[in-house]
Amino acid sequence: MGRKHARTIHKTRPQTPSEAGSSERGLSSFERRTRANASRARVNNATLTAGSPMHYYCRLCGEEMTLPESHSDSAPTVCRLCASEGRHTADDHVYGG
Ligand SMILES: [Zn+2]
């Protein structure tokens, strides 16, 4: 009777000091977003017909934010993603926030 014996492999990953550091090697989602938005065409609100939604762009990453033309809030200056990452200041108006 052969008994299967399970082999437990203990893999310990050594923690290097660089991993614990705050510098990121890869692109953060913010950087990826900023790059993608930089190459995206922007809408000039002045060229829109009456009743069209207004287009705003995050001052930090360029993310597009749209509001109805009749919106009563002040124009957003930062997108929700940047706000959730804590990149905004107290003077910023967070989109939808
Ligand atoms: Zn943003």
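Residues numbered from 1 in each chain as written. Predicted model: local features only at pLDDT ≥ 70, side-chain atom pairs only at ≥ 80, totals over all residues.

## Some words on the overall build of the protein chain
Looking only at helices and strands, the protein chain features 3 helices and 2 strands. Secondary structure elements of the protein chain occur, N-terminal to C-terminal, as α-α-β-β-α. Restricting the contact set of the protein chain to residue pairs at least 6 apart, pairs at least 24 apart contribute 19%. (Helix = DSSP H or I, 4+ residues; strand = E, 2+ residues; numbered from the N terminus. Contact = placed C-beta atoms within 7 Å.)

## Overview of the nonpolar core
C58, L60, C61, V78, C79, C82, A83 and Y95 form the largest nonpolar core, which has 8 residues in total. What L60 contacts, discounting residues up to four positions off in sequence, is V78, C82 and R87. (Core = buried A, V, L, I, M, F, W, Y, C linked by C-beta atoms within 7 Å. Buried ≥ 20, exposed ≤ 12 C-beta atoms within 10 Å, placed from the backbone.)

## Examining the environment of N44
Here N44 is to be found in the loop between α2 (29–38) and β1 (54–57). Overall, N44 belongs to the exposed group, with 8 C-beta atoms counted inside 10 Å. For N44 and M54, which are 10 residues apart along the polypeptide, the C-alpha to C-alpha distance reads 8.8 Å.

## Some words on the pairing of β1
Across 4 bridges, β1 lies against strand β2 (residues 64–67) in antiparallel orientation. Bridging across to β2, M54 finds its partner in L67. The hairpin formed by β1 and β2 contains 6 residues between the paired strands, and G62 there has a positive phi angle of roughly 85°. (Pairing = 2+ DSSP bridges.)

## Points about the environment of E85
Locating E85 in the fold gives a position in the segment after α3 (80–84). Using a count of 16 C-beta atoms within 10 Å as the deciding quantity, one classes E85 as partly exposed.

## Considerations on the confidence of the model for the protein chain
Of all residues in the protein chain, 74% attain a pLDDT of 70 or more, and the chain-wide mean is 85. Model confidence for the protein chain, summarised as mean pLDDT per element, is weakest for helix α1 (residues 17–20) at 44 and strongest for α3 at 97. Contacts from residues 17–24, a stretch scored under 50 in pLDDT, to residues over four places away or in other chains number 1 contact. (pLDDT = per-residue confidence, 0-100.)

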